[in-house]
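# Working through the structure, step by step
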Amino acid sequence: RAESREPAAESREPRAENHVRYPNIAPWSESERLSKEKEILGFYISGHPLVRYAALVESMGITSTGDLAAKGHGAKVALFGHVAALKETATKSGNRMAFLTLEDMAGTVEVTVFPEPYKAATPYLRAREPIVVRGRVDDGDKGRVVLAEDVRLLEQSLAGGGRARNGGEATA
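Everything in this summary refers to the structure shown in the same document.

Thresholds applied
Residues numbered from 1 in each chain as written. Predicted model: local features only at pLDDT ≥ 70, side-chain atom pairs only at ≥ 80, totals over all residues. Heavy atoms only, no water. Helix = DSSP H or I, 4+ residues; strand = E, 2+ residues; numbered from the N terminus. Buried < 20%, exposed > 50% of the residue type's maximum accessible area, 1.4 Å probe, protein only. Contact = heavy atoms within 4.5 Å. Areas by Shrake-Rupley, 256 points an atom, 1.4 Å probe, with all protein chains shown as cover. 1 Å grid on protein atoms, 1.4 Å probe; cavity = no way out; pocket = protein on both sides within 12 Å on 5 of 7 lines; lining within 4 Å. Points joined across faces, edges and corners; volume = space filled by probe spheres on them. Nonpolar A, V, L, I, M, F, W, Y, C, P; charged D, E, K, R; others polar. Phe/Tyr/Trp six-rings, centres within 6.5 Å; stacked < 30°, edge-to-face > 60°. Pairing = 2+ DSSP bridges. Axes fitted to C-alpha atoms, helices over the stretch in contact; angles between N-to-C directions.

## Notes on the overall build of the chain
- Looking only at helices and strands, one finds five helices and five strands in the chain.
- Here the chain, with 172 residues, has 34% of them falling under the buried criterion.
- Intrachain contacts of the chain at a sequence separation of at least 6 include 54% that bridge at least 24 residues.
- Carbon and sulfur atoms make up 50% of the accessible area of the chain, which amounts to about 11,600 Å² in all.

Below, the structure is given as structure tokens:
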């Protein structure tokens, strides 16, 4: 006896199509998409917000966070990136300063911004714009950090604020 190869009766009846209508919205900009990736996933997946500056930064002789391990205690460095985390605080004397995490395309580094450079840098630290940090490597109790001597927006550094040379060491 042969089995029937006809479809079951219920599958021969016409089915109502489920059409879902989605709103017609514009796609996110690249910066918004990258921001959402970082916020939701904790990392970038489709690109990096600093990649468009890679050639420019390379020509400036900036030290990447990946190359920071090769620098000795006290070495002068110039770093490029954006602020990934910021903690502002007051010193015992009441002056404002900050601890920040600077992120570049290779990783992150902790940066301490003491009161004098903090005064000038305050608007840039919250701007989510690319910055250049010039300072010294410090191997302290809490690990390797950079003690900032100067913090500027990238465009300010290019406009006349002394470019980094000599393998990332800041020059006057």
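## As for the layout of surface pockets
- One number sums up the size of the largest pocket: a volume of about 410 Å³.
- Residue lining of the largest pocket: 19 residues in total, with Ser31, Tyr44, Pro49, His82 and Arg128 positioned closest to the centre.
- Secondary-structure elements contributing two or more residues to the lining of the largest pocket are helix 2 (30–41) and strand 1 (76–90).
- The residue makeup of the lining of the largest pocket, split by class, is eight nonpolar, four polar and seven charged.
- Estimated volume of the second largest pocket: approximately 280 Å³.
- Taken together, 18 residues form the lining of the second largest pocket, with Phe99, Glu110, Thr112, Lys142 and Val145 sitting closest to its centre.
- Going through the elements one at a time, strand 1, strand 2 (96–103), strand 3 (108–113), strand 4 (131–140) and strand 5 (143–153) are the ones with two or more residues in the lining of the second largest pocket.
- At four residues, the largest contribution of residues to the lining of the second largest pocket is made by strand 2.
- For the lining of the second largest pocket, the residue count by class is nine nonpolar, four polar and five charged.

## Notes on the packing of aromatic side chains
- Under the defined criterion, the tally for this structure stands at one aromatic pair.
- Plain terms: the ring middles of Tyr53 and Phe80 are 5.8 Å apart, the flat faces sit at 70° to each other, and that makes the pair edge-to-face. Here the residue Tyr53 occupies a position in the loop between helix 2 and helix 3 (54–60), and Phe80 occupies one in strand 1, the gap between them amounting to 27 residues.
- Residue classification places Tyr53 among the buried positions, given a relative accessible area of 18%.

## Focus: unusual backbone geometry
- You will see that Arg128, though not glycine, has its phi angle at about 60°, which is positive.
- Mapped onto the elements of the fold, Arg128 is located in the loop between helix 4 (115–125) and strand 4.
- For Arg128, a relative accessible area of 49% gives the class partly exposed.

## A few points about the sheet that holds strand 4
- Within the closed barrel, the five strands sit side by side as 1-2-3-5-4. Their pairing is mixed. Recorded for the sheet is a direction-independent mean angle of 50° between the axes of neighbouring strands.
- Its contacts with the sheet put helix 4 on strand 1, strand 2, strand 3, strand 4 and strand 5, and the angle it makes with strand 5 is roughly 70°.

## Things to note about the pairing of strand 2
- The buried count for strand 2 comes to six of eight residues, which makes it a mostly enclosed element.
- In terms of strand pairing, strand 1 meets strand 2 through eight bridges, oriented antiparallel. In the sheet register, His82 faces strand 2, and the bridge partner there is Glu103.
- The loop that links strand 1 with its antiparallel partner strand 2 comprises five residues; one of these, Gly94, has a positive phi angle of about 95°.
- Looking at chain direction, strand 2 and strand 3 are connected through six bridges and run antiparallel. Counterpart to Glu103 in the pairing with strand 3 is Thr108.

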